[in-house]
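Chain residues, written in single-letter form:
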Amino acid sequence: MKDLIILGAGPAGLAAAIYGMRAGLNLFVIEKFSPGGQVMNTYEVENYPGFVDPIPGWELVSAMENQAKRLGAEIISAEIQSIAHDTHSKLFTLALSDGKTFQAKAVIAATGASLKKLGIPGEDHFYGRGVSYCATCDGAFYKERVTAVIGGGDTALEEAHFLTRFASKVYLIHRRNEYRAAKILQDRIASMNKITPVLESIPLSINGEANVQSITVKNVRTGEISELSVDGVFVFIGYTPNTSYLPNELLNDKGEVIVDMQMRTKIPGLFAAGDLRCDSKRQIVMACADGATAALSAYDFIIENS
Ligand code: NAP
């Protein structure tokens with residue numbers, strides 16, 4: 001039996017592991033994929049304090065992983081399926097998809113969020129053949145080719161900017177006439193002549209034969225439908241929290257975990273940290289802070305209940 005099990009090895013889970021290990025807790029981390037979370041797909045991070053110059057996402061999060069491991073944290077590769085809480089013993093039983101179960105006095109859910117899909121014809125069909133959700137991973141395939149980026153948030157603008165390293169042209173398709181992204185990112189792309197904004201427009205379908213050849217868009221103000229010739233479509237329209245294994249009573253209507261300032265959920269001993277929690281600004285530094293807070297709260301909980 002463990003003091004603490006941490007679910008997810010992104011920045012929130014790794015920070016929780018670092019703080020938990022330093023507090024002397026007997027813990028391990030469960031991660032479905034390889035450690036790192038969404039930051040692994042971020043080409044450069046320029047707003048994580050402590051680095052004068054932008055740092056590649058993988059490098060930042062690998063340093064977090066190595067730091068947690070140096071302190072003795074073990075990271076197990078598995079997928080969480082459900083969590084049961086025994087109100088009498090106050091223990092948690094975690095069921096994993098490989099059939100194993102583990103018990104712990106406290107749990108931190110830090111399983112982050114997954115990219116949202118458009119749900120339009122062609123999106124699934126051309127996935128890996130022109131449709132992508134990661135410019136850092138796939139951008140280099142579009143050297144001197146035409147691409148479209150969907151979305152108007154920080155991710156869409158950052159990734160559109162990144163794609164200009166390779167693509168000859170990037171259509172930036174956004175459903176409103178103003179971007180949601182930070183002003184610094186808007187200013188950055190405004191001066192880039194490789195980026196062509198297609199505002200007040202929604203994609204209707206992604207078309208092609210073997211690979212993507214075009215995207216059909218509708219101007220939501222005029223109703224005009226047009227077809228843009230593109231070789232690749234990159235979708236960045238936000239995230240949905242990875243919380244399907246948690247009881248509904250812990251979630252809000254967006255599927256996010258409701259927590260207080262100490263990252264406590266409604267169930268004593270169960271904490272949540274990072275992009276899956278309500279009111280998260282979804283920044284790496286905040287995910288780390290959440291993870292540290294959750295680990296310290298878990299420590300207090302374990303001491304008070306032992
Ligand atoms: P986001 O901020 O939720 O933006 C999603 C964008 O996609 C919005 O512009 C939205 O349009 C659009 N959209 C949503 N559903 C759509 C649909 N079905 N069809 C077409 N467009 C759709 O997501 P994000 O950009 O991935 O950012 C997520 C969070 O991470 C944010 O809090 C962001 O600040 C943070 N982040 C920070 C950094 C950084 O600090 N460097 C980098 C990346 C992300 P509307 O604007 O009309 O809603």
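Keep in mind the model is a prediction, meaning the values are calculated, not measured.

Trainee: Any details on the site of the ligand? Residues and values, ideally.
Mentor: Lining the immediate environment of the ligand, one finds 19 residues, of which Asn 47, Asp 154, Thr 155, Arg 176 and Arg 180 sit closest. Gly 152 places a main-chain nitrogen or oxygen 3.0 Å from an oxygen atom of the ligand. For the ligand, an oxygen atom lies 3.3 Å from a polar atom in the backbone of Gly 153. Relative to its unbound accessible area of 910 Å², the ligand is 77% covered by the protein chains. Ranked by residues supplied to the shell around the ligand, first place goes to helix α4 (residues 154-163) with three residues. For the shell around the ligand, a count of residues per class yields four nonpolar, eight polar and seven charged.

Trainee: Would you mind going over the sheet that holds strand β13 (residues 212-219) in detail, with residue names and values included?
Mentor: Here we have three strands laid out as an open sheet, ordered β12-β13-β14, and antiparallel in their pairing. Two strands in the sheet have a free side with no partner beyond their single neighbour: β12 (201-208) and β14 (225-229). Direction aside, neighbouring strands of the sheet carry axes that sit 25° apart on average. Pairing between β13 and β14: five bridges, direction antiparallel. Opposite Val 217, over in β14, you have Ser 226 as the bridge partner.

Trainee: Report on the pattern of salt bridges, specifying residues and quantitative values.
Mentor: Oppositely charged side chains can form a pair if their charged atoms are brought close together. One pass over the structure, following the stated rule, counts 11 salt bridges. The residue Lys 105 makes a salt bridge to Asp 3 at a minimum N-O spacing of 3.3 Å. Separated by 102 residues along the polypeptide, Lys 105 in strand β6 (residues 101-109) and Asp 3 in strand β1 (residues 2-7) bring together distant segments of the chain. For Lys 105, a relative accessible area of 27% gives the class partly exposed. On the accessibility criterion, Asp 3 (15% relative accessible area) is buried. For the salt bridge of Lys 69 with Glu 65, the shortest nitrogen-to-oxygen distance reads 2.6 Å. Placement of the pair is Lys 69 and Glu 65 together in helix α2 (residues 57-70), with a separation of four residues, close to one helical turn. Judged by its relative accessible area of 42%, Lys 69 is partly exposed. Residue classification places Glu 65 among the buried residues on the basis of a relative accessible area of 14%.

Trainee: Outline the packing of aromatic side chains, supporting the account with residue identities and numerical values.
Mentor: The description of two aromatic rings rests on the distance between their centres and on the angle between their planes. The final tally for this structure, using the stated rule, is eight aromatic pairs. Between Tyr 43 and Phe 162, the aromatic rings sit 4.3 Å apart at their centres with planes inclined by 40°, giving tilted as the arrangement. Within this pair, whereas Tyr 43 is found in the loop between β2 (27-31) and α2, its partner Phe 162 is found in helix α4, the two being separated by 119 residues in sequence. Accessibility expressed as a relative area gives 7% for Phe 162, which makes it buried.

Trainee: Before we move on, can you summarise the packing of α4 against helix α5 (residues 183-190) with the specific residues and values?
Mentor: With their axes 10 Å apart at the nearest point, α4 and α5 run at an angle of 30° to one another. With respect to α5, the axis of α4 lies roughly parallel. Every pair of crossing elements has a handedness; the one defined by α4 and α5 is left-handed. In this structure, α4 contributes Asp 154, Leu 157, Glu 158 and His 161 to the contact, and α5 contributes Leu 185, Gln 186, Arg 188 and Ile 189. Considered class by class, the residues forming the contact of α4 with α5 number three nonpolar, two polar and three charged.

Trainee: Which residues make up unusual backbone geometry, and what are the values?
Mentor: Even without being glycine, Glu 144 reaches a positive phi, approximately 55°. Its location among the elements puts Glu 144 in the loop between α3 (135-138) and β9 (146-150). Glu 144 gets classed as exposed once you look at its relative accessible area, which sits at 58%.

Procedures and definitions
Residues numbered from 1 in each chain as written. Predicted model: local features only at pLDDT ≥ 70, side-chain atom pairs only at ≥ 80, totals over all residues. Heavy atoms only, no water. Near = heavy atom within 4 Å. Polar contact = N/O pair within 3.5 Å; in protein donor to acceptor, adjacent residues only side chain to side chain. Areas by Shrake-Rupley, 256 points an atom, 1.4 Å probe, with all protein chains shown as cover. Helix = DSSP H or I, 4+ residues; strand = E, 2+ residues; numbered from the N terminus. Nonpolar A, V, L, I, M, F, W, Y, C, P; charged D, E, K, R; others polar. Pairing = 2+ DSSP bridges. Axes fitted to C-alpha atoms, helices over the stretch in contact; angles between N-to-C directions. Salt bridge = Lys/Arg side-chain N within 4 Å of Asp/Glu carboxyl O. Buried < 20%, exposed > 50% of the residue type's maximum accessible area, 1.4 Å probe, protein only. Phe/Tyr/Trp six-rings, centres within 6.5 Å; stacked < 30°, edge-to-face > 60°. Parallel < 35°, antiparallel > 145°, perpendicular 65-115°, else oblique. Left-handed = near helix turned anticlockwise from the far one by under 90°. Contact = heavy atoms within 4.5 Å.

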